Amino acid sequence: MSRLFRTLLLLAGLAAIAGAGTAPSTAAGPVRLSPYHEPPWLIQRGKPVTLAYALLDRSVKGTLYVRNSLRGSYTPLSLARGAYCPGDPIDAAAMRRDKVCGDALVAHVPGTLTAGSKLFYYAVLRDPISGRSATVPVGGATRPQRVWIVDRFLATSLGAHRFGHVRTPDAIVARAGANDIGLTCCADPPGGDGPSSLDIAHDGSIWVLDRLNHRLLVWRAGHPARPVRSVTLPRDLDISDFALGRNGTIFIRAGDTADLRKGNKDHLYALTATGRLRWQAPPTAGTATAQLQLGPDGALYAVQSCGETCAPFGGHVVWTPLTTRAGRPLSLAERVERASPFEPLPGGLRLVTQLSFSVARFALINQSDEIVRAWRVTSSTRLSGMLGAPTLVGGDPVIPLEVSAQQHWEKLIVRLGPTGGTRVRFALADRPVVGEVNLFAPLRIGADRRLYELRTNLKTGASVATYSVGPA
């Protein structure tokens, strides 16, 4: 089970405890139907597929309407109660053991309908007891859900992972001794606390968040022995992550420890290059699954799952823009409108990701909404999630996966090949940093197309290691 799944199950359990013994209130009127639905973004042509709508009362009924890109009319299919596991059907038994399955309204789309280049569908749901109804998505037949139908996946087999064979860094490009950086042992979060995030500036300088000392440490490229300067950060902020924007802007994700009011204390902040506050904006709901990312257009993105609201299913991962290209904050409504489940990439490309325990699917989509390449990755060792944001290197996706077997965990960095297979593949230590401030790993790919990894140790301090992921 991935750390994200474990966190969602814990949150769901806490929510259930908090709500135990409390009768539901009807004073505000009936709550609208809002099902959990995870689209199967990449479907094999001619293969049947199951569509499911979960987190609904058992009294809800519905009909699914489906067509493909070769047909103009929709085929109605009844939605019936059944078991739903949010992954590839081959992994259903393992998902049931991990308690990430549940009851749902399901419809089985026959292989005769999975033809053409795309599948379009929408569901009409109704609750005869409460009188509530919903169309998902709300646009119905005019703006249906769209998924891609793949004629041929590029095959990539990872086989069985060999634990304990982690790669040695190509170089150490930044270091700080244990007395020169903030590190603590065995407090909350489990295992201690310390630096949790890094970024690489366009000039090659390496930036590390020294969160306990409320500062950013900066190393000049080619001078790893000691930082050349530091940027003091506001002391009343509990900072977990940061990203470097354009024109010297520093974006940080932090909780305001001076705010004694009830409610969420987390905010997004923009600072100047010297650490002075430019603006503050509210957070985006969800669980962060990667460091803050600067998109190809200069906008700042948060990569998040839906969190406890969709437990136990693991949750959608959404790329939400937080700022404009110029670095100004977007309103919450603008974020929702512009959010997408697909990662924006240079050249107008988007990356579609579909991850299960033993099968992962990836596809590059162009500006015409067509598939450029699609991969099907299989693994004999469990794929427990992604620990960061994929990146394009030389036109190939570089994917930071987490693999696990019993009590063994490691990161697996995979560069997918343009005709299938992998061009580069290597393992890294599971948790190279002290503490678990974030669920994701402190990994970045710099402008030089090298992978940078933050590593901390109570005895030796902090360092940033680099690894080649092949030619750019």
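Placed above this text is the structure.
Residues numbered from 1 in each chain as written. Predicted model: local features only at pLDDT ≥ 70, side-chain atom pairs only at ≥ 80, totals over all residues. Heavy atoms only, no water.

Right, let's talk about the sheet that holds strand β24 (residues 350-355) for a bit. Read from one edge to the other, the open sheet built from five strands follows the order β9-β26-β25-β24-β23, with strand pairing classed as mixed. Each of the sheet's edge strands pairs with one partner strand only, and the pair in question is β9 (154-157) and β23 (343-344). Pairing analysis gives seven bridges linking strand β25 (residues 359-365) to strand β26 (residues 371-378), with the strands arranged antiparallel. Paired with leucine 364 across the bridge in β26 is arginine 373. (Pairing = 2+ DSSP bridges. Helix = DSSP H or I, 4+ residues; strand = E, 2+ residues; numbered from the N terminus.)

Now for the side chain of serine 196. If you trace the backbone, serine 196 turns up in the loop between β10 (171-176) and β11 (198-200). Exposure remark for serine 196: the relative accessible area of 7% places this residue in the buried category. Side-chain polar atoms of serine 196 contact the backbone oxygen of serine 240, separated by 3.0 Å. (Buried < 20%, exposed > 50% of the residue type's maximum accessible area, 1.4 Å probe, protein only. Polar contact = N/O pair within 3.5 Å; in protein donor to acceptor, adjacent residues only side chain to side chain.)

Residue position: glycine 82 is located in strand β4 (residues 75-84). Spatially, the C-alpha atom of glycine 82 lies 9.0 Å from that of alanine 107, the residues being 25 residues apart in sequence. If we skip the residues at most four places from it in the chain, glycine 82 touches Gly102, Asp103, Ala104 and Val106. (Contact = heavy atoms within 4.5 Å.)

Here the focus is the pairing of β25. Within β25, seven of the seven residues are buried, which leaves the element mostly enclosed by the surrounding structure. Neither face of β25 is open: one carries Val359, Arg361, Ala363 and Ile365, the other Ala360, Phe362 and Leu364, and all of them are buried. Sheet topology note: the β24/β25 ladder contains six bridges and is antiparallel. Its bridge partner being in β25, leucine 355 is matched across the sheet by alanine 360. Hairpin geometry of β24 and β25 is characterised by an intervening segment of three residues between the two adjacent antiparallel strands. The turn joining β25 and β26, which pair antiparallel and follow one another in sequence, is formed by five residues; a positive phi near 65° is taken by aspartate 369.

Here we come to the packing of aromatic side chains. Counted by the stated rule, this structure contains seven aromatic pairs. Between phenylalanine 426 and tyrosine 467, the aromatic rings sit 5.7 Å apart at their centres with planes inclined by 25°, giving stacked as the arrangement. Highlighted residues: phenylalanine 426 in strand β31 (residues 422-429) and tyrosine 467 in strand β34 (residues 461-468), separated in sequence by 41 residues. A residue is classified by how much of its surface remains accessible, and phenylalanine 426, at 6% relative accessible area, is buried. Since its relative accessible area comes to 1%, tyrosine 467 is described here as buried. Cluster of aromatic residues (ring-pair linked, three or more members): Trp41, Trp148 and Phe342. A cation over an aromatic ring shows up here: arginine 382 above the ring of phenylalanine 357, its NZ or CZ 4.0 Å from the ring centre. (Phe/Tyr/Trp six-rings, centres within 6.5 Å; stacked < 30°, edge-to-face > 60°. Lys NZ or Arg CZ within 6 Å of the ring centre and 35° of its normal.)

Here we come to the sheet that holds strand β15 (residues 237-244). Taken together, four strands build an open sheet; the order of strands is β15-β16-β17-β18 and the sheet is antiparallel. Bordering the open sheet on either side are β15 and β18 (277-281), each of which pairs with just one other strand. Across the sheet, the mean angle separating the axes of adjacent strands is 25° when strand polarity is ignored. Sheet topology note: the strand β17 (residues 266-271)/β18 ladder contains four bridges and is antiparallel. Among the inter-strand pairings, leucine 271 is bridged to a residue of β18, identified as leucine 277. (Axes fitted to C-alpha atoms, helices over the stretch in contact; angles between N-to-C directions.)

Attention now moves to the state of the cysteines. Here, disulfide denotes a covalent bond that connects the sulfur atoms of two cysteines. For the structure on display, the rule yields one disulfide. Disulfide pairing is shown between cysteine 85 and cysteine 101; the S-S distance is 2.0 Å. One disulfide, between cysteine 85 and cysteine 101, carries an S-S torsion of 110° and so falls in the right-handed class. With cysteine 85 in the loop between β4 and α2 (92-97) and cysteine 101 in the loop between α2 and β5 (102-109), this pair connects stretches of sequence that are 16 residues apart. (Disulfide = S-S within 2.5 Å.)

This part is about the side chain of aspartate 256. Here aspartate 256 is to be found in strand β16 (residues 250-256). Residues in contact with aspartate 256, not counting those within four places in the same chain, are Asp236, Leu237, Lys265, His267 and Tyr269.

Remember that side chains alternate between the two faces of the sheet whenever the strand is regular. Burial of strand β6 (residues 118-126) is extensive: seven of the nine residues sit out of reach of the surface. Here strand β3 (residues 61-68) runs beside β6; their pairing, made up of eight bridges, is antiparallel. When the sheet's bridge partners are listed, asparagine 68 is paired in β6 with leucine 119. Of the pairings in the sheet, the one linking β6 to strand β8 (residues 145-150) comprises four bridges and is antiparallel in character. Each bridged residue has a counterpart across the sheet, and for tyrosine 121 the counterpart in β8 is glutamine 145. Alignment of β6 against strand β7 (residues 133-136), held across four bridges, turns out to be antiparallel.

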